[in-house]
Each structure stands twice: as C-alpha cells, then as structure tokens.
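# Notes for the structure review
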Amino acid sequence: MTRVLIDACVLYPTVMREVVLGVASEGVFTPLWSDRILEEWARAAARIGEEATARAEIALLRAAWPTASVAVSEATDTRLTLPDPCDTHVLAAAIDGEADELMTLNLKDFPTRTLSAEGIIRRDPDGVLMEALSQHPDTVKRVVQRVHAKAQDLAKEDIPLRALLKRARLPRLGKALQ
C-alpha cells in the first residue's frame, strides 16, 4: 500500500482533511505525519481560536492511526535543503517514514528534483483523490457523501457538493462528482 506523508496544509482545513483521511481509513493509502506537522496544524487553528478543537482532533487521529507518526532524525533534517528551510522537517518526515508520496498544497517549496532524488513523489490532494476516485470510485463517493452530509449538518443548510469541494481546494474532485 502506498505510504503518504501528509503536510499540515492538507490536515487543516477540515473538509480536505476529512475527505483525505476518510479515503485513507478505507485502506486506499497509509497516512503518515510527524508530531511537528500536527503541531503546525494546532498552531494554525489557534490563530482563529480553534486550538482546543484541533488538539482534540489530533488526539483522535493519533488514536485512529497509532503507527502514522514518524520520528524525524536530526541527521535527515539537517542534510536537506529546500527553498523554505521551515519545510525541511516535512521532507525529512517523508524520508524517515519511508513515504512513497508527499501530499501538500505547497508545491513551490518542494521541488520535484529534490523529492525525486529521495524517491518521493510530490502530490496535491486533489490529484491523489482523483486517482483514488478512478481506482476506488465507490469508496471515494461514500467518503465524500459522508463528509458532505456532516458539513451540511454543521452548517444547518444545503451546500452544493461542488461548491463545498471547491472551497476545500478539491475542485477537480468536486467537478467529477457533481
């Protein structure tokens, strides 16, 4: 099964995370992250007053996937060079976690050449989910329906699926499922 290191920008926001991890929970791929990535998510949520919610969700993630957290060695982290030095720990986690892919929205700070030298493919969540849809259509549709229903329940209003997924930065998936 493909091992995918998930960057903090994919774990936060909620709808994207729910779809990505919903698909992972169905066995389509194995998710990975580091404690530092989870901490980035909590700090981002704290900026809008949602730190407690994020920490609760992080605890649930750790319980659901106890082996997903990758310990990053200092040797791996310090040998890497990326356009944004703050992102080296993400690539280091992918390397030390033996990930096949790094899922991120931050394409410019993870050059393809650097990742391919480490045997890692950079992927955006929309692309990963579109591939999953082509290989596991019923699974992806079921997960998206569940996330859509939850979002509508929380919002207490009808939300068109395509609009929800577009806001979640999953426009191709939204178009494919409309």
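The notes below deal with the structure included here. (Residues numbered from 1 in each chain as written. Predicted model: local features only at pLDDT ≥ 70, side-chain atom pairs only at ≥ 80, totals over all residues. Heavy atoms only, no water.)

### Topic: the packing of helix H3 (residues 35–46) against helix H4 (residues 51–64)
As a packed pair, H3 and H4 sit with axes 7 Å apart at the nearest point and diverge in direction by 155 degrees. Our classification of the angle between H3 and H4 gives roughly antiparallel. Handedness of the crossing formed by H3 with H4: right-handed. For the pair H3 and H4, contact is made by Asp35, Leu38, Glu39, Trp41, Ala42, Ala45 and Ala46 and by Glu51, Ala54, Arg55, Glu57, Ile58, Leu61 and Arg62, respectively. (Axes fitted to C-alpha atoms, helices over the stretch in contact; angles between N-to-C directions. Helix = DSSP H or I, 4+ residues; strand = E, 2+ residues; numbered from the N terminus. Parallel < 35°, antiparallel > 145°, perpendicular 65-115°, else oblique. Left-handed = near helix turned anticlockwise from the far one by under 90°. Contact = heavy atoms within 4.5 Å.)

### A short note on the pattern of salt bridges
This model, assessed by the stated rule, comprises 12 salt bridges. A salt bridge links Arg17 to Glu57, with the nearest nitrogen and oxygen atoms 2.8 Å apart. Of the two residues, Arg17 is situated in helix H2 (residues 14–25) and Glu57 in helix H4; the sequence distance between them amounts to 40 residues. A relative accessible area of 2% means that Arg17 is categorised as buried. The partner of Arg172 in a salt bridge is Asp126, with the nearest N and O atoms 3.3 Å apart. Of the two residues, Arg172 sits in helix H11 (residues 171–177) while Asp126 sits in helix H8 (residues 125–135), which places them 46 residues apart along the sequence. For Asp126, a relative accessible area of 4% gives the class buried. Each of Glu39, Glu51 and Arg55 takes part in one network of salt bridges that share partners. (Salt bridge = Lys/Arg side-chain N within 4 Å of Asp/Glu carboxyl O. Buried < 20%, exposed > 50% of the residue type's maximum accessible area, 1.4 Å probe, protein only.)

### Here we look at the side chain of His148
In this structure, His148 sits in helix H9 (residues 137–155). Given a relative accessible area of 15%, His148 falls into the buried group. Apart from the residues lying within four places of it in its own chain, the contact partners of His148 are Ile159, Pro160, Leu161 and Leu164.

### Some points on the sheet that holds strand E2 (residues 30–34)
Strand order in the open sheet formed by 5 strands is E3-E2-E1-E4-E5, and the pairing between neighbours is parallel. For this open sheet the edge positions go to strand E3 (69–70) and strand E5 (121–123), each flanked by a neighbour on one side alone. Pairing analysis gives 3 bridges linking strand E4 (residues 101–103) to E5, with the strands arranged parallel. Counterpart to Leu102 in the pairing with E5 is Arg122. (Pairing = 2+ DSSP bridges.)

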